[in-house]
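One letter stands for each residue in the lines below.
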Amino acid sequence: MPYTPPPELAALSLTEIAALVAERKVPPIGEWTPAETVESGIAIHADGSWYHEGGRITRPAMVRAFSSLLMRDADGRHWLCTPHQRHAITVADAAFIAVDVVATGGALAFRLNTDDTVIAGPDHPLRAAGSAEAPALYLAVRHGCEARINRSTWLQLAELAEPDWTVTSQGQRFSLAPQ
């Protein structure tokens, strides 16, 4: 089945973006209790690229499929989950990269490097980390995983920010500056 990339966020209303989010079906990994834990040999580099045993995974469909099975536990470890096994993976920074943002209908909608769409708000907060000299901004995605906001997307947010370096999405205020 050929992959059809999603439409550009800027051309969509918040209702249309919310429909895209609702259409994306991911496996119910939160309901699974895999009995076995194994090493996968998979790593996600800081730039969002995926590797298996040192070789880059170049098929976008494979990355999208694997990303739907990702979770991060309370200890900060990342896993690919199946109903029977938990596969440990190494994540250099964040499991996803936010590559675009649009402000529409009182919300901030983000496109991820996996073509997922996430609307910032109470269930998907933004988190500022790092320092004033080296800030880092993250978006909660799902199952404990986060997306690092890339530089161009951060600049888009900076243009939308209030003078106190905050942005608002779905009634929630988020600081773009590390505390």
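Placed above this text is the structure.
Let us look at the structure shown here.

Conventions adopted
- Going along each chain's sequence as written, the residues are numbered from 1 onward.
- With pLDDT at 70 or above as the cut-off, local features in this predicted model cover only qualifying residues; side-chain atom pairs require 80 or more to be listed or tallied, and sums for whole chains, interfaces and linings still use all residues.
- Think of the side-chain values as coming from all heavy atoms in the structure, minus any hydrogens and water.
- Exposure is judged per residue with a 1.4 Å probe applied to protein chains only, and the accessible area is read against the type maximum: over 50% gives exposed, under 20% gives buried, and values in between give partly exposed.
- Note on conventions: DSSP H or I runs of at least 4 residues are helices, E runs of at least 2 residues are strands, and numbering of each starts at the N terminus.
- Strands pair, by our definition, only if DSSP identifies at least two bridges between them.
- Any pair of residues with heavy atoms lying within 4.5 Å of one another is described as a contacting pair.
- A fitted line through C-alpha atoms represents every axis, and for helices the fit uses only the stretch in contact; the resulting angles, taken between N-to-C directions, go from 0 to 180 degrees.
- We define the nonpolar core as a collection of buried residues of types Ala, Val, Leu, Ile, Met, Phe, Trp, Tyr and Cys that are connected through side-chain atoms lying within 4.5 Å of one another.

## With respect to the pairing of strand S8 (residues 107-112)
In step 1: Counting buried positions along S8 gives six out of six residues, so the element sits mostly inside the fold.
In step 2: Of the two faces of S8, both are covered, the one formed by Ala 107, Ala 109 and Arg 111 as well as the one formed by Leu 108, Phe 110 and Leu 112.
In step 3: Sheet topology places strand S7 (residues 96-104) next to S8; six bridges connect them, and they run antiparallel. Of the residues in S8, the one forming a bridge with Ala 98 is Leu 112.
In step 4: Counted between consecutive antiparallel strands, the loop separating S7 from S8 contains two residues, among which Gly 105 sits at a positive phi close to 55°.
In step 5: In this sheet, strand S9 (residues 117-119) lies alongside S8 in antiparallel orientation, the contact comprising three bridges. Within the sheet, the bridge partner assigned to Arg 111 lies in S9 and is Thr 117.
In step 6: The turn linking S8 back onto S9 is made up of four residues, and Asp 115 within it adopts a positive phi angle of 70°.

## Re the environment of Glu 53
In step 1: With respect to the helices and strands, the residue Glu 53 is situated in the loop between strand S2 (50-52) and strand S3 (55-56).
In step 2: Note: C-alpha distance between Glu 53 and Gly 41 (12 residues apart in sequence) is 5.0 Å.

## Regarding the sheet that holds strand S6 (residues 85-91)
In step 1: Pairing in this open sheet of six strands is mixed, and the strands run S3-S2-S1-S6-S5-S4 from one edge to the other. The open sheet terminates on both sides in strands that have one partner only, identified here as S3 and strand S4 (70-72).
In step 2: In this sheet, S3 lies alongside S2 in antiparallel orientation, the contact comprising two bridges. The partner of Tyr 51 across the bridge, within S3, is Arg 56.
In step 3: The sheet strands contacting helix H2 (residues 60-67) are strand S1 (36-44), S2, S4 and strand S5 (78-81), and the helix crosses S2 at an angle near 90°.

## What about the nonpolar core?
Soluble globular proteins: nonpolar side chains tend toward being buried together.
In step 1: With 36 residues, the main nonpolar core has Leu 70, Phe 110 and Leu 126 as its most contacted residues.
In step 2: The set of elements that each furnish at least two residues to this core consists of S1, S4, S5, S6, S7, S8, strand S11 (135-142) and strand S12 (145-149).
In step 3: Listed in part, the five residues of the second largest apolar core include Ile 17, Val 102, Ala 107 and Ala 109.

## Regarding the sheet that holds S9
In step 1: In spatial order, the strands read S9-S8-S7-S12-S11-S10; together these six strands make up an open sheet with mixed pairing. Since the sheet does not close on itself, it has two edges, and those belong to S9 and strand S10 (126-130), each with one partner. Looking at each pair of strands side by side, their axes are set apart by 40° on average, direction ignored.
In step 2: Sheet topology note: the S10/S11 ladder contains five bridges and is antiparallel. Across the sheet, the residue bridging to Leu 126 is Leu 139, located in S11.

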